[in-house]
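Listed below, chain by chain, are the residues.
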Amino acid sequence: MNTNALKSFAKAARIQLVDAVGKQILYWGFSQKGEVENEPTATQGGYVHRGEVYNDANVLPKWERLKEKITANKDAFKDVAEEAAYTWFNRLVAIKVLEENGFIDPFLQFADGAQTPIALQNAKAGNHTVTHPTLKANLQKSLLDSDEEKAFAILLINYCNKHPMLNQVFGRVNDYTELLIPQNLLAPNGVLYALNDTNQVPAADFKEVELIGWLYQFYISDKKDEVFKGFKANKKARPEDIPAATQIFTPKWIVNYMVENTVGKIYLDFEEDSDLKDQMKYLVENETEGKGALIDDIEQLTLIDPACGSGHILVTGFEWLYKMYREQGYTAKNAIESILKNNLFGLDIDDRAMQLARFAVLLKAAQQLQ
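Residues numbered from 1 in each chain as written. Predicted model: local features only at pLDDT ≥ 70, side-chain atom pairs only at ≥ 80, totals over all residues. Heavy atoms only, no water.

K.L.:
Tell me about the sheet that holds strand β1 (residues 41-43), and please be specific about residues and values.
P.N.:
Strand order in the open sheet formed by three strands is β1-β2-β3, with antiparallel pairing between adjacent strands. Single-partner strands in this sheet number two, and they are β1 and β3 (52-54). The average angle at which neighbouring strand axes cross in this sheet is 30 degrees, direction not considered. Where β1 and strand β2 (residues 46-49) come together, three bridges link them in antiparallel fashion. When the bridges of β2 are listed, Ala42 appears paired with Tyr47. (Pairing = 2+ DSSP bridges. Helix = DSSP H or I, 4+ residues; strand = E, 2+ residues; numbered from the N terminus. Axes fitted to C-alpha atoms, helices over the stretch in contact; angles between N-to-C directions.)

This is how it looks when you write it as structure tokens:
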């Protein structure tokens, strides 16, 4: 895994997405100081904004929620831009990971001979899953007007809302983040171009669950540098800044050492003749005090990470627990269900990291069933 290429991709993606989301906030009538400068007004069956009439009545309540966020404090513009940008980055990466692992039909992948997502190409041929009358009409109009950015935005929002896993992990796009979907996703050398560029993110990397953690660390690295620069100037960190300042991706060998000498040891005390012992490269042998096993059943072996970040320790814990369950005679499906129900738990102050942790564990679970 070429982490230098991943770092360049993630840092560039953040810059592009934050800038694009910021422009969307301005478009919806807010200044960078959080002032309301242009407000949409209701009309029959829709709204009027900047002199144009639109047919989507669901926009106004979303705009009101955006107004609450933007006018909350003097830093809200920047915070909302960061939040929405990363929300969309999460979803795009997740879709690409699912796509490259064969869990979904191609969606973001570029069509042959064109820098256009297959989802957009299919929609031009009348193949899409947009069923809401207003959205369907808007999609058709956008395609007729050759407004590909708007058409793709409709397709992406619809896909995120309808896909069960994306919906469960990242939530529905039915709030103000829908209004802030970047309008430069299809730009030359934009985020989608980079996601499909194997020089930036090789196809093989998408099959590595570890990719999620690396991308998260690199994405927030500039934000982290800003926070630490503030510390040097005796600037107190705000609650919104703490996640970026405290996240760090733990290398795999360290994670393996931690898991093998906790989960691994507990299991080996329970199953003394386990063949898995020979696979634990980082296990530290020591004399036991004859206290016996701490568990009576594999379901009692609990791993909790109280600062799980993007879930690297949880994923490695899942890998070992899965092997242990299989050694105990569980089927793949039953092993996975029991692990997710009984064995793995994670906490973090960063909601976005928690989303990635949940996604990473579910992805690892799905890979076992392929």
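Here the narrative resumes, following the displayed structure.
K.L.:
Describe the nonpolar core, and please don't skip the residues or the numbers.
P.N.:
Ranked by size, the top nonpolar core spans 109 residues in total, and within it Leu156, Met324 and Phe359 carry the most contacts. In terms of residues, this core owes the most to one element, helix α3 (residues 76-100), which gives 14 residues. Residues within four places of Leu156 in sequence aside, it is in contact with Trp88, Leu92, Ile95, Phe107, Ile181 and Leu185. (Core = buried A, V, L, I, M, F, W, Y, C linked by side-chain atoms within 4.5 Å. Buried < 20%, exposed > 50% of the residue type's maximum accessible area, 1.4 Å probe, protein only. Contact = heavy atoms within 4.5 Å.)

K.L.:
Please give an account of the side chain of Gln355 that cites residues and values.
P.N.:
Counting through the fold element by element, Gln355 comes out in helix α16 (residues 351-368). For Gln355, the contacting residues outside a window of four places in its chain are Asn90, Val169 and Phe170.

K.L.:
Describe the packing of α3 against helix α10 (residues 210-219), listing the residues and the values that go with them.
P.N.:
Running from N to C, α3 and α10 point in directions that differ by 155 degrees, and their axes come no closer than 12 Å. Relative to α10, the element α3 lies roughly antiparallel. Considering only the axes of α3 and α10, their crossing is right-handed. For the pair formed by α3 and α10, the contact residues are Ala85, Tyr86, Phe89, Val93 and Val97 on the first element and Leu211, Leu215, Tyr216 and Tyr219 on the second. When grouped by side-chain class, the residues that make up the contact of α3 with α10 number nine nonpolar, no polar and no charged. (Parallel < 35°, antiparallel > 145°, perpendicular 65-115°, else oblique. Left-handed = near helix turned anticlockwise from the far one by under 90°. Nonpolar A, V, L, I, M, F, W, Y, C, P; charged D, E, K, R; others polar.)

K.L.:
Residue-level account of the packing of aromatic side chains, with values.
P.N.:
The description of two aromatic rings rests on the distance between their centres and on the angle between their planes. The final tally for this structure, using the stated rule, is 17 aromatic pairs. Ring centres 4.5 Å apart and planes at 50 degrees place the aromatic pair Tyr86 and Tyr219 in the tilted group. Highlighted residues: Tyr86 in helix α3 and Tyr219 in helix α10, separated in sequence by 133 residues. Residues Tyr86 and Tyr219 agree in their burial class; the two are buried. Taking the centre distance of 4.7 Å and the plane angle of 85 degrees together, the rings of Tyr325 and Tyr330 count as edge-to-face. The buried category is assigned to Tyr325, whose relative accessible area is 0%. When its relative accessible area of 22% is taken as the criterion, Tyr330 is described as partly exposed. (Phe/Tyr/Trp six-rings, centres within 6.5 Å; stacked < 30°, edge-to-face > 60°.)

K.L.:
Which residues make up unusual backbone geometry, and what values go with them?
P.N.:
Unusually for a residue other than glycine, Ser146 sits at a positive phi of about 60 degrees. Within the secondary structure, Ser146 is located in the loop between α5 (133-144) and α6 (148-162). For Asn189, which is not a glycine, the phi torsion comes out positive at approximately 65 degrees. Within the fold, Asn189 resides in the loop between α8 (176-179) and α9 (191-195). Here Asn189 falls in the exposed class, since its relative accessible area comes to 54%.

K.L.:
If you had to explain a nonpolar patch on the surface to someone new, which residues and values would you point to?
P.N.:
Taken together, the side chains of Trp253, Tyr257, Met258 and Val284 present a nonpolar region at the surface, about 400 Å² in accessible area. Note that Tyr257 resides in helix α13 (residues 252-270). The exposure class of Tyr257 is partly exposed, given its relative accessible area of 39%. (Patch = residues over 30% accessible without salt bridge, like charges linked within 9 Å, V, L, I, M, F, W, Y side chains within 5 Å. Areas by Shrake-Rupley, 256 points an atom, 1.4 Å probe, with all protein chains shown as cover. Salt bridge = Lys/Arg side-chain N within 4 Å of Asp/Glu carboxyl O.)

K.L.:
Provide a residue-level description of helix α1 (residues 3-27), including the pertinent values.
P.N.:
Look at α1: 36 Å from first C-alpha to last across 25 residues, which is about the 36 Å you get at 1.5 Å a residue. Within α1, the full set of buried residues consists of Ala5, Leu6, Phe9, Ala10, Ala13, Arg14, Leu17, Ala20, Val21, Gly22, Gln24 and Ile25. Contacts made by the buried residues of α1 are with α2 (59-70), α3, α8, α9, α10 and α11 (221-232). Among the residues of α1, the N-terminal cap falls to Asn2, whose side-chain oxygen and the backbone nitrogen of Asn4 are separated by 3.2 Å. Gly29 occupies a position one or two residues after α1 and carries a positive phi of about 95 degrees. (Expected span 1.5 Å × (residues − 1). Polar contact = N/O pair within 3.5 Å; in protein donor to acceptor, adjacent residues only side chain to side chain.)

K.L.:
So what's going on with the side chain of Asp350? Residues and values would help.
P.N.:
Relative to the helices and strands, Asp350 is located in the loop between β5 (344-346) and α16. Setting aside residues up to four positions removed in sequence, Asp350 forms contacts with Tyr216, Pro243 and Gln247.

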